[in-house]
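A closer look at the structure
So you can see what is in the structure, the chains are spelled out below.
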There are 4 protein chains.
Amino acid sequence: MYIRLDQSSGSPLYLQIVDQVKTMIAGGALRAGDRLPTVRELASELVVNPNTIAHAYQQLERERVVETRRGLGSFVSAAEPVLSLSARRDRVAALLDRALVEAHHVDLDADEVRMLLEERLLEMANAEQSIELAPSK
Amino acid sequence: MYIRLDQSSGSPLYLQIVDQVKTMIAGGALRAGDRLPTVRELASELVVNPNTIAHAYQQLERERVVETRRGLGSFVSAAEPVLSLSARRDRVAALLDRALVEAHHVDLDADEVRMLLEERLLEMANAEQSIELAPSK
Amino acid sequence: MYIRLDQSSGSPLYLQIVDQVKTMIAGGALRAGDRLPTVRELASELVVNPNTIAHAYQQLERERVVETRRGLGSFVSAAEPVLSLSARRDRVAALLDRALVEAHHVDLDADEVRMLLEERLLEMANAEQSIELAPSK
Amino acid sequence: MYIRLDQSSGSPLYLQIVDQVKTMIAGGALRAGDRLPTVRELASELVVNPNTIAHAYQQLERERVVETRRGLGSFVSAAEPVLSLSARRDRVAALLDRALVEAHHVDLDADEVRMLLEERLLEMANAEQSIELAPSK
DNA sequence: GTGGTCTAGACCACT
DNA sequence: GTGGTCTAGACCACG
């Protein structure tokens, strides 16, 4: 599970988690029956208080997105149909737009944004690899 | 000014306002020198407390996006950015990261993100231009 | 923390707090990583509304002078400045101008101001050093 | 009269004027019987609403620092004894300290502050000259 | 009438 | 218990 939290975004951490889990399900990265990390695992991975993770999981359960089975963990419920390609593109485009608005305000031009994108793609590829190489729990 | 607040989104109201004003400026809907609605006007329009609007405007002022003149109101600023280049890059990179995490979650690869970026860059350039060409009222 | 407010000075209370915290840091009385008093503590100590303290702390946070960690408190930051060199010079130049206007008003010439500057530079360097040499408690 | 206003200092404009007039009297730049500029003159010189100047003059009159004679203008009352040299130095030193605190926070070293001081001294000397060369009213 | 500051007090997110 | 957000409403500085 690649969840990334932005501590300075102003939006609540637990909602960032809820949204990203939902997105992974909608995008097909998580499927019905898949097990989520335990509260403690995710808390130590994200360097966040376990209560915050628990809060997020409770919210997901309340919305019937996941089911918690005592002693076993939390599992993705029967999932909605995966989003269409254009719907998935729209979600990414909306976030790109926010980055472009900010770029406009800090006076970075298109080329600089392209360079930043390549830089971040590289960085994320590396991060992903190091996670995959780490012992899976 | 068409600002829409989502009272149930969890994201602070004042930040929603800040983001939407920035978006309108980046898209050309607001231009340097334009006057924003008064705090009290916008507060009654959006049905929120005037302090909430004031908070948003002060945030915009601190980011040099608007300038407020006491007794006159708030105006879109023409000032160049005061942040260092690296700080400006960091802000945009953080938002690109959010988009990339979303792309990963909905299973879009690097090339698809690059194409989306080009598409959004074009769209934004067009939006700005079409407003510039429109008859000013 | 010894902060003194002048309720009748006309200068906003929250700015008086901001200035005094900055002075304590520049003088070495507060060091990177030190925790500031909690909002509620300082509010009751200074007999002002907690919102006023919160406003001051948020201002300090925006200037990267302190970092606040939710649920933990506010800490003196070790971050380097994010403003561009020219913006940083402008801030200091504006304050030097105020000193020079004052010097003009009380009929001190350029050489006397230069001498005073050297004196204050020495004083500040000593203040910082003597605290560093003092036994930490 | 060299009065300088800082629009972004947070402290009220009318108080900045009051303080600077008082300082000029304490420093000997203004003497008992000297006439102050008219409200309109000063307002246009400082690019400020005349009400603001009037407010400042009323405050000075309330404190018996100046006397207004109908149709003639405002005049400095019998002045207090001029400040001692050390008292005048202290006032300038206090303002230099504020500049040095800010310099510390934006990471400018002593040499950079010295250079800025020379730059501002030059600038002010030029400004002064151009005022003297302008037709006195 | 414009925005800014301050108080008072509620509720929320996080540790 | 920590800080953050929001409401409500008073008073001030400025044009």
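Residues numbered from 1 in each chain as written. Chains lettered and ligands numbered in written order. Predicted model: local features only at pLDDT ≥ 70, side-chain atom pairs only at ≥ 80, totals over all residues. Heavy atoms only, no water.

Digging into the packing of aromatic side chains
Stated formally: In summary, the pairing rule links any two rings of Phe, Tyr or Trp, Trp by its six-membered ring, whose centres are within 6.5 Å, and it sorts them by plane angle into stacked for under 30 degrees, edge-to-face for over 60 and tilted for everything else. Over a ring means this: the NZ of a Lys or the CZ of an Arg is within 6 Å of the ring centre and within 35 degrees of the ring normal.
This model, assessed by the stated rule, comprises 0 aromatic pairs over all chains. Taking the ring centre of F75 of chain B as reference, the NZ or CZ of R69 of chain B above it sits at 4.3 Å.

Focus: the protein's contact with DNA strand F
In plain terms, the rule: By convention in this text, a residue qualifies as near a molecule or strand provided that one of its non-hydrogen atoms is within 4 Å of it. Throughout this description, a polar contact denotes any pair of N or O atoms lying within 3.5 Å of each other; where both atoms belong to protein, one of them has to be capable of donating a hydrogen while the other can accept it, and for residues adjacent in sequence the pair is counted only when both atoms sit in side chains. The helix and strand labels rest on DSSP assignments: H or I over at least four residues marks a helix, E over at least two residues marks a strand, and numbering proceeds from the N terminus.
In the vicinity of DNA strand F, 24 residues are found, and the nearest of them are L13, N51 and T52 of chain B together with L13 and N49 of chain D. Atoms of DNA strand F within 4 Å of the protein: sugar and phosphate make up 70%, bases the balance. R40 of chain C is positioned such that a nitrogen or oxygen atom in its side chain is 2.9 Å from a base nitrogen of DNA strand F. At the level of secondary structure, the elements contributing two or more residues to the surface near DNA strand F comprise helix 1 (13-26) and helix 3 (50-62) of chain B, helix 2 (39-46) of chain C together with helix 1 (13-26) and helix 3 (50-62) of chain D.

Comments concerning unusual backbone geometry
Residue and element names in this part refer to chain B. What counts, and what does not: Throughout, exposure labels follow a simple rule: accessible area from a 1.4 Å probe, protein chains only, divided by the maximum for the residue type, with under 20% read as buried, over 50% as exposed, and the rest as partly exposed.
Phi at V47 is positive, roughly 55 degrees, even though this residue is not glycine. Along the polypeptide, V47 turns up in the loop between helix 2 (39-46) and helix 3. Of the residues examined, V47 reaches a relative accessible area of 67% and is grouped as exposed. Not every positive phi belongs to a glycine, and R64 is a case in point at roughly 65 degrees. For R64, the location among the structural elements is in the loop between helix 3 and strand 1 (66-69).

Re the protein's contact with DNA strand E
Inspection of the region around DNA strand E gives 25 residues, with L13, N49 and T52 of chain A together with L13 and T52 of chain C positioned closest. When the atoms of DNA strand E within 4 Å of the protein are grouped by moiety, sugar and phosphate amount to 71% of the total. Taking N49 of chain A, its main chain carries an N or O atom lying 3.1 Å from a phosphate oxygen of DNA strand E. Within the contact set of DNA strand E, a base oxygen lies 3.3 Å away from a backbone nitrogen or oxygen of G71 of chain B.

Details of the domain arrangement of chain A
To be explicit about the condition: Domain delimitation follows an automatic or database domain assignment.
If you check the domain split of chain A, you get domain 1 (13-76) and domain 2 (85-133). The C-alpha-based centres of domain 1 of chain A and domain 2 of chain A are spaced at 25 Å.

What to know about the interface of chain C and chain B
The criterion, for reference: Here, residues are in contact when the closest pair of their heavy atoms is within 4.5 Å. Throughout, buried area stands for the accessible area (probe radius 1.4 Å) lost by two parts on being put together, summed over both. Definition used for salt bridges: Asp or Glu carboxyl oxygen within 4 Å of a side-chain nitrogen of Lys or Arg. Amino acids are sorted into nonpolar (Ala, Val, Leu, Ile, Met, Phe, Trp, Tyr, Cys and Pro), charged (Asp, Glu, Lys and Arg) and polar (every other residue, Gly among them).
Opposite the 6 residues of chain C that make contact, chain B presents 6 residues. For the pairing of chain C and chain B, the buried interface totals around 520 Å² over both sides, and the portion due to carbon and sulfur atoms is 54%. The largest share of the area that chain C buries against chain B comes from R62, V82 and S84 of chain C, three residues that together contribute 64% of it. Here chain C and chain B share 0 salt bridges between them. Taken together, the links from chain C to chain B amount to 2 residue pairs in polar contact (both at pLDDT 80 or more). Looking at side-chain class alone, the side of chain C that touches chain B contains 3 nonpolar, 2 polar and 1 charged residues.

Re the interface of chain B and chain A
Contact with chain B, which involves 42 residues of that partner, is made by 43 residues of chain A. At the boundary of chain B with chain A, total buried surface from both sides reaches about 4400 Å², with 71% on carbon and sulfur atoms. On inspection of chain B and its partner chain A, the count reaches 10 salt bridges. Notably, a salt bridge pairs K22 of chain B with E102 of chain A, separated by 3.0 Å at the nearest N-O pair. Linking chain B to chain A there are 13 residue pairs in polar contact (both at pLDDT 80 or more). Elements supplying a minimum of two residues to the side of chain B that touches chain A: helix 1, helix 4 (85-105) and helix 5 (110-133) of chain B. For the side of chain B that touches chain A, the element with the most residues is helix 4 of chain B, which contributes 17 residues. Its residues placed into classes, the side of chain B that touches chain A shows 23 nonpolar, 5 polar and 14 charged.

Considering the environment of L96 of chain C
By the element assignment, L96 of chain C lies in helix 4 (residues 85-105). Of the residues examined, L96 of chain C reaches a relative accessible area of 0% and is grouped as buried. Apart from residues no more than four positions distant in its own chain, L96 of chain C is found in contact with L96, A99, V113, L116, L117 and R120 of chain D.

Here we look at the pattern of salt bridges
Within the structure shown, the criterion is met by 34 salt bridges over all chains. The salt bridge involving E119 of chain A is made with R120 of chain A; its shortest N-O contact spans 3.7 Å. Where R120 of chain C meets D97 of chain D, a salt bridge forms, and the shortest distance between an N and an O atom there is 2.9 Å. Here D97 of chain D lies in helix 4 (residues 85-105) and R120 of chain C lies in helix 5 (residues 110-133), a pairing that spans two chains.

Remarks on helix 3 of chain B
The condition that has to hold: What a helix should span is 1.5 Å times the count of its residues minus one.
End to end, helix 3 of chain B covers 18 Å across 13 residues, agreeing with the expected 18 Å (1.5 Å per residue, within 8%). All buried positions along helix 3 of chain B are accounted for by I53, A54, A56, Y57, Q59 and L60 of chain B. Packed against the buried residues of helix 3 of chain B are helix 1, helix 2, strand 1 and strand 2 (73-76) of chain B together with helix 3 (50-62) of chain C. Two residues or fewer after helix 3 of chain B comes R64 of chain B, characterised by a positive phi angle close to 65 degrees.

Digging into the relation of the copies chain C and chain B
Applicable threshold: Superposing copies: least-squares fit, C-alpha atoms only, residues required to have pLDDT of at least 70 in both.
For the match of chain C to chain B, the screw axis carries a shift of 0.0 Å, the RMSD comes to 0.0 Å, and the turn is 180 degrees. Both copies are brought into coincidence by an operation consistent with a two-fold rotation axis. Comparing interface residues between copies, 100% of those in chain C also sit at the interface in chain B, which points to an isologous, same-surface contact.

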